[in-house]
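Commentary on secondary and tertiary structure
These are the residues of each chain, in order.
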Amino acid sequence: MRPPDWAVLVASVVIVTLYGLWRGRHSDNVDRYLRAERSLPWYAMALSIMATQASAITFISTTGQSYVDGMRFLQFYFGLPLAMILISAYVVPVFHRANVYTAYEYLEQRFDAKTRILVSLIFLIQRGLAVGVALSAPAIVLTVILGWPDRWTTLIMGAVVVFYTVMGGIQAVTWTDFQQMFIMLAGLFLALATAVLLLPPQVSFLDAMTLAGAAGKLNAVTLRFDWNDQFNLWSGLFGGMFLMLAYFGCDQSQVQRYLTGKSITQSRLSLLFNAVAKLPMQFFILFTGAMVFVFFTFEMPPAVFQREALARASRQAAFPDVQKKFAMRFEERKRAAMSLIEARRNRDADLLGKRAAEYREAQKQFEVARNEALRLAREASGEPSLNDANYIFLTFVTRYLPAGLVGLVMAAIFAAAMSTISAEINSLATVTVIDIYRRHICRSGSDRHYLVVSRLATALWGAYAIVTAQYARNLGSLIVVVNQVGSLFYGGLLGVFVLAFACKRVNGTAAFTGVLCGEMAIFAAHFYGKIAFLWYNMIGCVVVVGSALLVSAHIERKRRQLHG
Amino acid sequence: MVRAPFDEPPPFLGSWKRVYAAVAIYLAALIGLFYWFTRAFSR
């Protein structure tokens, strides 16, 4: 990074942090600190919801995912608008009228204390596992740029986020999210524009689309149904809807955003804004990854995108041959790409089909050579799971973007990371204080006491995130890891809320048993089944509801027998 | 602080049902557009 990049990055972090502290300066009671006294407008909540979901992983990993696997990950979000409609219609009014701080507080009003604490603990485990992954993504950024050790990166990043979240509470979190979302959109737009502008002069935008499409990178919709396929239209619409229902309807890190709304209407509008804006934004991010792929069709990429792994691989005796083969395959693919472009311009359908097939074959051979280099890197590193997908976008940004723009894209990645982490530690602290501490440990403390405990809990969860981030680095494609971990727990969470909203006769014991059965079913599917993770949410939800209804019927039968 | 009434009509389209229907139609149109995009460029 050059001085203008550092200036942009540091200025954006400082300005956003100071603004957040200023907005949160009046957070001097628990209601203001955790719920902003239910005073926020829809646009602040809308962008906060969006920023919370768009983590640094979204930038780093989603673009890499698109480079490697094409745009089919887009289908993962197809169920989101449907989930937003259902949450707006049925969940938001209930939470608002219940006047709760957390979604799980409502479960005690509806069921009992044991169901509330079970679900709160599930949330704390699930979100606690994810927060470290969210913080590790910026560590990857600085490792690539500066070669700084991970532990320093996570410490500095984590300290900044924890500081403004502890001081300003939900007001600071929401209003920093609001600004961070604009930085993210600017960074994203400039990265995409640069990827297209840096293509060779003889390659037009339409040529680039043709090349990306022929290589299977623009596969935004797959109609073929397959239980094992993670991303197709059906898993996205139905499996994705269940995951999004669980995430936006039952996960406190999102529920807390719209609990701050000044009315039901404001909260609903914030969710529906996301229903409309999320898919185009995700398309935009994935398309950027596809354009980076085209860029690297004409500009030779490193055989392995992770610099340290490449250095280790290059010390292997077999590396020169592998590198030579990689360079040769790259040139062959480049020639095939130019031939395909020429055929497209000549409008000869037969020739176009032939050239597209040749280009696809060249791409396949190039991938074989790249995988050979990756295999060497894995052997040299002693890390069989080493995956360089998370480093592709960063390599493009740091090597090819002009001064100033690198800083802005970095600022966007940092903004994305900070917005997610702050919301997560804020929600973890809220559940810890409201659902555990105030409910089971200290029931009669003063408002001042709970405010201090809330700040302390925020600081402790921040410290926990910093420590766990050290272990999250080599988990493969981070975006998939986060969603897979979430899917292990979301089915149970969603099931209990479906019971709460739709099954009036189910009582606390039945709901509690249902959640346990649902979680067992999900873990059984994960360890013994061959089902894509998006379906876990649906399976878990169905098992929770089904088993709770059975237990409820059994209890009812017993009761009737008892009363003759 | 004076609070707005809990449940108000939406600021556009007259009722929440119409707003939800509009979002569902928008989703269907978007998926159709993405499908066309996939077919148009995947040879």
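So, here is what we can say about the structure in this document. (Residues numbered from 1 in each chain as written. Chains lettered and ligands numbered in written order. Predicted model: local features only at pLDDT ≥ 70, side-chain atom pairs only at ≥ 80, totals over all residues. Heavy atoms only, no water.)

Before going further, it helps to examine the overall build of chain A. If you tally the helices and strands in chain A, you get 21 helices and zero strands. Over its C-alpha trace chain A gives a radius of gyration of 25 Å, about what one expects of a compact globule, namely 24 Å for 564 residues. In terms of overall dimensions, chain A has C-alpha extents of about 80 × 55 × 45 Å along its principal axes. Looking at chain A residue by residue over its 564 residues, the buried ones come to 62%. At a minimum sequence separation of 6, the contacts of chain A that also span at least 24 residues come to 87%. (Helix = DSSP H or I, 4+ residues; strand = E, 2+ residues; numbered from the N terminus. Rg over C-alpha atoms; globule rule 2.2 N^0.38 Å. Buried < 20%, exposed > 50% of the residue type's maximum accessible area, 1.4 Å probe, protein only. Contact = heavy atoms within 4.5 Å.)

Residues and elements named next belong to chain A. By size, the foremost hydrophobic cluster in this structure holds 192 residues, and its most contacted members are Phe95, Tyr258, Phe396 and Phe497. Among the elements that take part in this core, helix α17 (residues 405-441) stands out by supplying 20 residues, more than any other. Excluding its chain neighbours within four sequence positions, the residues that come into contact with Phe95 are Val100, Ala103, Tyr106, Gly249, Val255, Tyr258, Leu259, Phe497 and Phe501. With 16 residues, the next largest nonpolar core counts Ala303, Ala309, Phe330 and Ala373 among its residues. (Core = buried A, V, L, I, M, F, W, Y, C linked by side-chain atoms within 4.5 Å.)

All names here are of chain A. Enumeration over the complete set of coordinates arrives at 20 salt bridges over all chains. The closest approach of N and O atoms between Asp69 and Arg72, which form a salt bridge, is 3.0 Å. Exposure remark for Asp69: the relative accessible area of 27% places this residue in the partly exposed category. Arg370 is the salt-bridge partner of Asp388, the closest N and O atoms lying 2.9 Å from each other. (Salt bridge = Lys/Arg side-chain N within 4 Å of Asp/Glu carboxyl O.)

A few words now on the packing of aromatic side chains. A complete count under the given rule lists 42 aromatic pairs over all chains for this structure. Judged by centre distance (5.0 Å) and plane angle (40°), the ring pair of Phe326(A) and Phe366(A) falls under tilted. In this pair, Phe326(A) is assigned in helix α14 (residues 319-346) and Phe366(A) in helix α15 (residues 349-381), connecting sequence segments 40 residues apart. Taken together through their ring pairs, the aromatic side chains of Tyr67(A), Phe293(A), Phe295(A), Phe296(A), Phe305(A), Phe396(A) and Tyr400(A) make up a single cluster. Above the plane of the ring of Trp16(B) lies Arg268(A), whose end atom (NZ or CZ) is 4.8 Å from the centre. Directly above the aromatic system of Phe366(A) lies the positively charged group of Arg333(A), at a separation of 3.9 Å from the ring centroid. (Phe/Tyr/Trp six-rings, centres within 6.5 Å; stacked < 30°, edge-to-face > 60°. Lys NZ or Arg CZ within 6 Å of the ring centre and 35° of its normal.)

These figures come from the coordinates and say nothing about function on their own.
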